[in-house]
Amino acid sequence: MLRGLFHNGPFYTTLALTRIPHRWSVSQQRVFSLSAPAHDKPLPPRLKISDADLTVYYLKGTGPGGQKINKTNSAVQLIHKPTGIVVKSQATRSRSQNEKIAKQLLADRVEDLEKGDQSRTAIKAERAKKKKASKLKKTRKKYRDLESKEGEHDEGDEHSEEDHTLQSEDTVTQPSPETKGR
Amino acid sequence: MPRIPTSTVIKAYRQNPLLPILLQECRSVSSAQNELRWLRERAIHAWKQWPWKYSASGWKTLLRTMCKVRSKGMPLQYILGDQPFGNLEILCEKGVLIPRPETESYTIHAAELISRYFLASGGQNEYVEPSGLIRPLRILDLCTGTGCISLLLHSLLAPRFQQLFILGIDISAAAIQLATRNLDHNLQLGLLSDRSYREVHFHQGDVLGRDNGHNPEIDEILETYTPRWRMSPGLREGFDWDILVSNPPYISPNSLRDGTTARSVRLFEPELALVPPANMNYLSTMDYKREDIFYHHLIALSFKLSIRLTVLECGSRQQGNRVIAICKAFSIKLSEDHEWTVDIWFEGQTDHTDNKEGPCVIILRK
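Since the model is a prediction, treat every value here as computed from it, not as a measurement.

## Digging into the overall build of chain B
Point 1. Along its length, chain B carries 15 helices and nine strands.
Point 2. For chain B, buried positions account for 40% of its 366 residues.
Point 3. The long-range fraction of contacts in chain B, counting pairs at least 24 apart against all pairs at least 6 apart in sequence, stands at 66%.

If you want it as structure tokens, here you go:
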């Protein structure tokens, strides 16, 4: 009986007391931006490749191994049987780590082949491209504004300057799809 | 060793002036590039961690000395101080054999075999004896060295078995010390479960059972590690070990010198861990090959303790076949009616890639 009181009574009330003001504070919190944060759409899930479709090779050169030789080569090569895509990884000293990396690379490649534009890597590249373009646009706008402020004193040059920036915009955005492709 | 063409050296120098130094040991540009990358990462890491140690010189000088030592043949693992083994990070030190990638894949294969063999009635994750007694699965790892096999087996089997008991034995005190440090190191990194602290043990001992005073014989050690409740008579003979794994020294003294063993291994790794000892007094009486000495002892022990699964690494396919012959000879001598099978397994067996020269494992099942 006493124990029950002790357990439920005081603790319960303190909890309740601490909780209520907390809720109030949340409701009164001010947010700087009124629009909800615009998150990117979730990427499509990674393609899972079954182990049955894979041939794994541990590349370690020729000759005897074991105690006789201490190899540092831990490269792993994967062959995807259905498509024949070959992927190799020697990023780390760990075989299992390399295998993991190679599997991921292979999954990306296979997905690329299957889905083309709709694949994970393509969507990612597209997003990065857009982000970069918008960033460039912002910087250009910033400098244009700065220059136009300075140029308010002598208005003669303003138009020619704008033409120039427009031209440069084209040259910047054009090569990006090729470089970002892979 | 074929000479490296000057054009290759010049090309490598243009990429990075340190590459030709590494080429002396690596012999190929791609592996030199890899090693340089790993060495550089480690040099920068060390420099950031202990700036006062290298403040005067900076990481570039450190990297250069590392490359110079490597060009003399010092194994990369001794320079960096560790080697990945499965998901673990095994510390390496001079005087203890560096874990090999083949051993890694054999250990992973052994772990699969063990789970298949001892978890026959699927769904259970504890080992139940035929008599219905639940007890830990007991694994004996002889010639453990860095302790890599014991630790990786624990890491792989811990999720599948509720109780394990793994004992690693090595003749070298340095190896036992390093193995214990490896246990602590991987516990700290969170790569091993907390159970491993209770369930993995390392002990110094001589597998060959030579009477040289300071090393206890293997039987004595096994007796001390036998649980109390087992000591009562009438339960079962032997010390109740389920699994024996071993990667013993298996190089013949000739092949250590005839060029098949790498210079770096010959000069820097301990001969104790590579070549079985010579002064065995029974050598003259039987047609023992010196590189097979350990297998005679291991197989004798496996039959004596009636171990249900024995996994032994061998240097080559020929040696593997010799070990199978030893098994057969031994069982005839014992004339036991226990059924047993022996298999040979090697890397790439499932893909039918032919690597006749590489090491293999002998799997003995009872």
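After that view of the structure, there is still more to cover.
## Points about the nonpolar core
Residues and elements named next belong to chain B.
Point 1. Among the nonpolar cores identified, the biggest contains 69 residues, and Leu153, Ile243, Leu244, Leu298 and Leu312 are the most heavily contacted of them.
Point 2. A total of seven residues in this core trace back to one element, the largest contributor, which is helix H14 (residues 293-304).
Point 3. If we skip the residues at most four places from it in the chain, leucine 153 touches Thr107, Ala110, Ala111, Ile139 and Ile166.

## What to know about the UniProt feature "domain: Methyltransferase" (unreviewed entry) in chain B
Point 1. The positions UniProt marks with the feature "domain: Methyltransferase" (unreviewed entry) are residues 137-207 of chain B.
Point 2. For the annotated span residues 137-207 of chain B, helix accounts for 42% and strand for 25% of the residues, and the straight-line distance between the end C-alpha atoms is 21 Å.

## Brief notes about the interface of chain B and chain A
Point 1. Each partner contributes to the interface: chain B provides 29 residues, whereas chain A provides 21 residues.
Point 2. Listed by contribution, the elements that provide at least two residues to the side of chain B that touches chain A are helix H3 (29-49), helix H7 (101-118) and helix H13 (263-268) of chain B.
Point 3. At four residues, the largest contribution of residues to the side of chain B that touches chain A is made by H3(B).
Point 4. Classifying every residue of the side of chain B that touches chain A gives 13 nonpolar, ten polar and six charged.

## Remarks on the sheet that holds strand S1 (residues 54-58) of chain A
Note: strands within a sheet are paired through backbone hydrogen bonds, in either parallel or antiparallel orientation.
Residues and elements named next belong to chain A.
Point 1. Pairing within the open sheet is antiparallel, and its three strands lie in the order S1-S2-S3. Looking along the sheet, the strands with just one partner apiece sit at the ends: S1 and strand S3 (86-89). Averaged over all neighbouring strand pairs, the angle between strand axes comes to 20 degrees, with direction disregarded.
Point 2. Here strand S2 (residues 76-80) pairs with S3 via four bridges, running antiparallel. Note that in S3 the partner of isoleucine 79 across the bridge is valine 86.

## A short note on the confidence of the model for chain B
Residue and element names in this part refer to chain B.
Point 1. Scored by pLDDT, chain B comes out at a mean of 86, with 86% of its residues at no less than 70.
Point 2. Scored below 50 in pLDDT, residues 231-238 makes five contacts in the model with residues more than four places away or belonging to other chains.
Point 3. Predicted complex, confidence summary: ipTM 0.85, pTM 0.79.

## Structural notes on the packing of helix H2 (residues 95-115) of chain A against helix H3 (residues 120-151) of chain A
Residue and element names in this part refer to chain A.
Point 1. At a minimum axis distance of 7 Å, the contact between H2 and H3 shows a crossing angle of 90 degrees. Of the possible angle classes, the one that applies to H2 and H3 is roughly perpendicular. Contacts between H2 and H3 involve Asp108, Glu111 and Asp112 from the former and Arg120, Thr121 and Ala122 from the latter.

## A closer look at the pairing of strand S1 (residues 82-85) of chain B
Residues and elements named next belong to chain B.
Point 1. Judged from the four bridges that link them, S1 and strand S2 (residues 88-91) form a sheet pairing that is antiparallel. Residue pairing for S2: phenylalanine 85 is matched across the bridge by leucine 88.
Point 2. Here S1 folds back onto S2 in antiparallel fashion, the turn holding two residues, of which glycine 86 has a positive phi close to 60 degrees.

## Things to note about the sheet that holds strand S9 (residues 360-365) of chain B
All names here are of chain B.
Point 1. Pairing is mixed in the open sheet, where seven strands are placed in the order S5-S4-S3-S6-S7-S9-S8. Edge positions in the sheet fall to strand S5 (200-204) and strand S8 (341-345), since each of these pairs with one other strand and no more. On average, adjacent strands in this sheet sit at an angle of 15 degrees to one another, irrespective of strand direction.
Point 2. Pairing analysis gives six bridges linking strand S3 (residues 137-142) to strand S4 (residues 164-170), with the strands arranged parallel.

## Observations regarding the environment of B:Ile362
All names here are of chain B.
Point 1. Following the sequence through the fold, isoleucine 362 ends up in strand S9.
Point 2. Look at isoleucine 362 and you get buried, because 24 C-beta atoms sit within 10 Å.
Point 3. C-alpha of isoleucine 362 to C-alpha of cysteine 314: the two residues are 48 residues apart in sequence and 7.3 Å apart in space.
Point 4. Residue contacts for isoleucine 362: discarding those within four places in its chain leaves Leu312, Cys314, Gly320, Val323, Ile324, Val342 and Ile344.

## Comments concerning unusual backbone geometry
All names here are of chain B.
Point 1. Backbone geometry at arginine 27 places phi at a positive 70 degrees, although glycine is not the residue there.
Point 2. In this structure, arginine 27 sits in the loop between helix H2 (19-26) and H3.
Point 3. Overall, the presence of 13 C-beta atoms within 10 Å leaves arginine 27 in the partly exposed class.
Point 4. Its identity as a non-glycine residue notwithstanding, cysteine 143 has a phi of 60 degrees, on the positive side.
Point 5. Here cysteine 143 is to be found in the loop between S3 and helix H8 (148-157).
Point 6. The exposure class assigned to cysteine 143 is buried, which follows from the 24 C-beta atoms found within 10 Å.

Calculation rules
- Residues numbered from 1 in each chain as written.
- Chains lettered and ligands numbered in written order.
- Predicted model: local features only at pLDDT ≥ 70, side-chain atom pairs only at ≥ 80, totals over all residues.
- Helix = DSSP H or I, 4+ residues; strand = E, 2+ residues; numbered from the N terminus.
- Buried ≥ 20, exposed ≤ 12 C-beta atoms within 10 Å, placed from the backbone.
- Contact = placed C-beta atoms within 7 Å.
- Core = buried A, V, L, I, M, F, W, Y, C linked by C-beta atoms within 7 Å.
- UniProt positions renumbered as here; feature names shortened; annotations may be inferred.
- Nonpolar A, V, L, I, M, F, W, Y, C, P; charged D, E, K, R; others polar.
- Pairing = 2+ DSSP bridges.
- Axes fitted to C-alpha atoms, helices over the stretch in contact; angles between N-to-C directions.
- pLDDT = per-residue confidence, 0-100.
- Parallel < 35°, antiparallel > 145°, perpendicular 65-115°, else oblique.

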